[in-house]
Amino acid sequence: HTVALVQDMETLKEVGVAGLVDEYVAGYRLSEKDKANLNEYFSNWEILRQCCGEQMSKRWRNDMMPEKFKVRKFTSHPTCATYDIDSIEQAFMKTELYSLI
């Protein structure tokens, strides 16, 4: 069998979501519409992954803690604070790919 794509964390860190999408498109010979759908889905997913749930940034989790429980060694995580997470989640759930799950 031919392997079209090997996905690993180091490459993801290097190329980001857009680079990963480009690799999917090339590896699986996807269309431009598929590329747009993947970019839309993963751009929202990346924000939710970092700012919510299991993979939430430790810095952001710390920012949301009551002051008396905060870990002092962590600096603030301003990125997540700039997003309207509810709007990002709604946009994510309205993507074409999400509707197929």
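If you're wondering where the values come from, they're calculated on a predicted model, not measured in any experiment.

**Re the packing of aromatic side chains**
A complete count under the given rule lists six aromatic pairs for this structure. Summarising the aromatic geometry, the rings of Y41 and F42 are spaced 5.2 Å apart at their centres and angled 85° between planes, so their arrangement reads as edge-to-face. Of the two residues, Y41 and F42, neither departs from the other in class, the shared state being buried. An aromatic cluster is present here, built from Y24, Y28, Y41, F42, W45, F92 and Y98 joined pairwise through their rings.

**Quick look at the state of the cysteines**
Counting across every chain of the model gives one disulfide. Covalent S-S linkage joins C51 and C80, the inter-sulfur distance amounting to 2.0 Å. With the S-S bond torsion at -85°, the cross-link from C51 to C80 turns out left-handed. Of this pair, C51 sits in helix α2 (residues 32-51) while C80 sits in helix α4 (residues 78-81), and the two are 29 residues apart along the sequence. No difference in accessibility class separates C51 from C80, as the two residues are buried. Considering cysteine sulfurs only, C51 is the nearest to C52, which forms no disulfide, with 6.2 Å between them. By relative accessible area, which is 27% here, C52 ends up partly exposed.

**Comments concerning empty space enclosed by the protein**
Per the counting criterion, the structure on display carries one cavity of 30 Å³ or more. Of the voids in this model, the largest cavity is the one considered here, and its volume is about 30 Å³. In this structure, the largest cavity is lined by V6, Q7, D8, T11, L12, V15, L20 and E23. Considering only residue class, the lining of the largest cavity consists of four nonpolar, two polar and two charged.

**A short note on the side chain of T95**
Here T95 lies in the loop between α5 (85-93) and α6 (96-100). Sequence-distant contacts of T95, that is, excluding residues within four places in its chain, are made with E40, Y41 and N44.

What counts as what
- Residue indices follow the written sequence of each chain, beginning from 1 at its first position.
- Only residues with pLDDT of 70 or above have their local features reported here, since the model is predicted, and side-chain atom pairs are shown and tallied only from 80 upward, although totals for entire chains, interfaces and linings are computed over all residues.
- Only hydrogens and water are set aside when side-chain values are computed; all heavy atoms of the structure are taken into account.
- Aromatic pairs are defined between Phe, Tyr and Trp rings, using the six-membered ring for Trp, whenever the two ring centres lie within 6.5 Å; interplanar angles under 30 degrees are classed as stacked, those over 60 as edge-to-face, and all others as tilted.
- Three labels apply to residues, based on accessible area from a 1.4 Å probe with only protein chains included: buried if under 20% of the type maximum, exposed if over 50%, partly exposed otherwise in between.
- Criterion for a disulfide: a pair of cysteine sulfur atoms at a distance within 2.5 Å.
- To qualify as a helix, a DSSP run of H or I must reach at least 4 residues; to qualify as a strand, a run of E must reach at least 2; elements of each kind are numbered from the N terminus.
- Only protein atoms enter the 1 Å grid used here. Points where a 1.4 Å probe fits but cannot escape make up a cavity, open sets with protein on both sides within 12 Å along at least five of seven lines make up a pocket, and a residue lines them when an atom lies within 4 Å of a point.
- Grid points are joined across faces, edges and corners, and a volume is the space filled by probe spheres set on the points.
- Residues were grouped as follows: Ala, Val, Leu, Ile, Met, Phe, Trp, Tyr, Cys and Pro as nonpolar; Asp, Glu, Lys and Arg as charged; and all remaining residues, including Gly, as polar.
- When checking whether two residues touch, look at their non-hydrogen atoms; a contact exists if any pair is within 4.5 Å.

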